[in-house]
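So you can see what is in the structure, the chains are spelled out below.
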Amino acid sequence: MSEDHPTLVPIGEDFPELREPVRRICAKYPGTYWQQLEDEQAYPTAFVEELTTAGFLGALIPEEYGGSGLSLRAAAVILQEINASGCNASQGHAQMYIMGTLLRHGSEEQKRKYLPEIAAGRIRLQAFGVTEPTTGSDTTQLKTRAVREGDEYVINGQKVWTSRAMYSDMMLLLARTQSADQVKKRSDGLSVFLIDLKANIGKGVDIRPIKAMINHNTTEVFFDNLRVPASTLIGEEGKGFRYILDGMNAERILVASEAIGDGKFFIKKATDYANSRVVFGRPIGQNQAVQFPIARAWAELEGADMVCRRAAALFDDGKECGADANIAKLLASEAAWKAGEAAMQTHGGFSYAREYDIERKWRDCRLFQIAPISTNLILAYVGQHVLGMPRSY
Ligand SMILES: Cc1cc2nc3c(=O)[nH]c(=O)nc-3n(C[C@H](O)[C@H](O)[C@H](O)COP(=O)(O)OP(=O)(O)OC[C@H]3O[C@@H](n4cnc5c(N)ncnc54)[C@H](O)[C@@H]3O)c2cc1C
């Protein structure tokens, strides 16, 4: 961005050695590619494969397991560049971070078996089954049950909004192994399983696509007496909620960085258009009512970026980062949305023309205020855990 706008210098583009090659790959997948995928409700296989082959989606897997062993900040930069380039990181981002639960809590045998395959792209692990239709944000009350029978678990239940399940070989599943009325803490009695989705379709697993406002390849997944080996359990039975929490912080930081990428995309588009579109005999960007919303959105994006960097730094240092990860996601999702609004308004009627990609990105970007966690739930976290007010739910 700074090359085109010498005065528009971001707070420091760290990891230029990652940003440049990511930009080069993304340049091969212009707006027309994403528009066509939307028309066909299709998955960006070529794009995701190229990112995988180049090693970007294995960024967080340690080198000893075949990955690049990069920091969370480096991974955040990769995803940010993808979105800033007009592409959509969400179609592949989960391949980066879902494996974190396996890495941190899996047995050595599980790690040796799966991580090198995931790093090489031979196994896709990018489906994360948490949300359920009847419990929503109240995750600890989820109802999918896994019951131990000999050397197996039998799984019954339903997940909703399980993204990319049709394009994932495996799924990280959160299920209840002990009844909610038998546990001391709400978060007890939940367990994490790494299950083979592909092999079980039609044998206890049914995946149904959800038609959605964006091309997110999201689905409902039904489990009907699915039998999985007991060896698919990650870590100890009953401790699954804790295992996925640290992964959720990583996810929030990465998603915040994607939102910042979207914001950069919007600001670049908006400033270019504001400078070049001439109405009433002058560039529209000369009008403060056009210029100021773009400038304000940029300022807010810079602020969100700072918190995002701090959250990643804490995570990379192994320090508590829950508050920063949540706040980064909150601020980045809202700053990106404001940038999207500024870009919409600046483009006037042309923001509705698909070829400009503003409307596609605007629809994509709205999601960050809802998933993977909604704004209210973040505010509840800040109110309770940061400011010490009573739990509100
Ligand atoms: C496109 C898409 C992709 C997704 N991908 C995945 C995925 O891959 N895996 C997965 O597990 N999930 C996924 N999700 C689910 C997503 O994480 C949830 O939609 C999100 O966490 C919100 O849950 P909910 O939709 O059930 O909303 P609800 O929990 O029903 O909440 C609805 C609204 O009420 C508010 N609310 C609820 N309770 C309170 C309260 N106590 N105080 C204040 N406000 C409250 C919420 O903030 C929200 O605004 C995806 C969702 C979408 C839309």
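Residues numbered from 1 in each chain as written. Predicted model: local features only at pLDDT ≥ 70, side-chain atom pairs only at ≥ 80, totals over all residues.

A.B. asks: Would you mind going over the overall build of the protein with me for this structure?
C.D. replies: Looking only at helices and strands, one finds 13 helices and ten strands in the protein. The globule rule puts the C-alpha radius of gyration for 393 residues at 21 Å, and the 21 Å found for the protein is close to it. Dimensions of the protein, computed from C-alpha atoms along their principal axes, come out at roughly 80 × 50 × 40 Å. For the protein, contacts bridging at least 24 residues in sequence account for 72% of all contacts bridging at least 6. (Helix = DSSP H or I, 4+ residues; strand = E, 2+ residues; numbered from the N terminus. Rg over C-alpha atoms; globule rule 2.2 N^0.38 Å. Contact = placed C-beta atoms within 7 Å.)

A.B. asks: What exactly am I supposed to notice about the site of the ligand here?
C.D. replies: The local shell around the ligand holds 23 residues, among which V130, G136, S137, N376 and Y393 are the closest. Within the residue set of the shell around the ligand, elements represented by two or more residues are strand 1 (125-129), strand 3 (152-163) and helix 13 (375-386). Among the residues making up the shell around the ligand, the classes are represented as twelve nonpolar, eleven polar and no charged. Looking at which domains feed residues into the shell around the ligand, each of domain 2 (125-238) and domain 3 (242-386) supplies at least three. (Near = placed C-beta within 6 Å. Nonpolar A, V, L, I, M, F, W, Y, C, P; charged D, E, K, R; others polar. Domains from an automatic or database assignment.)

A.B. asks: Got a minute to help me understand the pairing of strand 5 (residues 190-196) in this structure?
C.D. replies: Residues in a regular strand project their side chains so that they alternate between the two faces of the sheet. Here strand 5 lies mainly inside the structure; six of its seven residues are buried. As judged from the seven bridges shared by strand 4 (residues 170-176) and strand 5, these two strands associate in the antiparallel manner. Note that in strand 5 the partner of L174 across the bridge is V192. When strand 5 meets strand 8 (residues 233-234), the two strands line up antiparallel, connected through two bridges. (Buried ≥ 20, exposed ≤ 12 C-beta atoms within 10 Å, placed from the backbone. Pairing = 2+ DSSP bridges.)

A.B. asks: Just checking my understanding: could you explain the domain arrangement of the protein for this structure?
C.D. replies: A common way to state how big an interface is: give the accessible area lost once the parts meet. Parsing the protein into structural domains produces domain 1 (16-120), domain 2 (125-238) and domain 3 (242-386). Computed from C-alpha coordinates alone, the two centres of domain 1 and domain 2 are separated by 23 Å. On the side of domain 2, 13 residues touch domain 1, which itself brings 16 residues to the contact. If you tally residues by element for the side of domain 1 that touches domain 2, the top one is helix 6 (residues 99-105), at four residues.

A.B. asks: Would you mind going over the packing of helix 11 (residues 322-347) against helix 13 with me for this structure?
C.D. replies: Contact geometry of helix 11 with helix 13 gives a least axis separation of 10 Å together with a crossing angle of 145 degrees. For the element pair helix 11 and helix 13, the recorded crossing hand is left-handed. Facing G322, A323, N326, I327, K329 and L330 of helix 11, the residues of helix 13 in contact are T375, I378, Y381, V382, H385 and V386. For the contact of helix 11 with helix 13, the per-class residue count stands at seven nonpolar, four polar and one charged. (Axes fitted to C-alpha atoms, helices over the stretch in contact; angles between N-to-C directions. Left-handed = near helix turned anticlockwise from the far one by under 90°.)

A.B. asks: How do you make sense of the environment of I25 when you look at a structure like this?
C.D. replies: Among the secondary structure elements, I25 is positioned in helix 1 (residues 16-27). Residue I25 is classed as partly exposed on the basis of its 18 C-beta neighbours within 10 Å. On a C-alpha basis, the gap between I25 and R104 in space is 30 Å, while along the polypeptide they are 79 residues apart. Excluding its chain neighbours within four sequence positions, the residues that come into contact with I25 are E50, L51 and A54.

A.B. asks: So what exactly am I meant to see when it comes to the confidence of the model for the protein here?
C.D. replies: For residues with low pLDDT, the predicted coordinates do not support detailed interpretation. Confidence along the protein averages 96 in pLDDT terms, with 97% of residues attaining 70 or more. When the criterion is pLDDT under 50, residues 5-9 qualifies, and its contacts beyond four places in sequence or with other chains add up to five contacts. (pLDDT = per-residue confidence, 0-100.)

A.B. asks: What am I meant to see in the pairing of strand 1 here?
C.D. replies: With five of its five residues buried, strand 1 lies for the most part within the structure. Across four bridges, strand 1 lies against strand 4 in parallel orientation. If you follow F128 over to strand 4, its bridge partner there is L172.

A.B. asks: Help me out: how do you make sense of the nonpolar core in this one?
C.D. replies: Across soluble globular proteins, you tend to see nonpolar side chains buried next to one another. The biggest cluster of nonpolar side chains holds 109 residues, and the ones touching the most others in it are A75, F193, I253, A304, C308, A328 and A332. In contact with A328, other than residues within four places in its own chain, are R252, I253, A256, A304, V307, C308 and A311. (Core = buried A, V, L, I, M, F, W, Y, C linked by C-beta atoms within 7 Å.)

A.B. asks: Sorry if this is basic, but what is going on with the packing of helix 4 (residues 72-84) against helix 10 (residues 288-316) here?
C.D. replies: For any two helices packed against each other, one specifies the crossing angle of their axes together with the interaxial distance. Relative orientation of the contacting elements helix 4 and helix 10 amounts to 140 degrees, with a least axis distance of 8 Å. Between helix 4 and helix 10, the angle is such that the two are oblique. Where helix 4 abuts helix 10, its residues L72, R73 and A76 lie against C308, R309, A312, A313, F315 and D316. (Parallel < 35°, antiparallel > 145°, perpendicular 65-115°, else oblique.)

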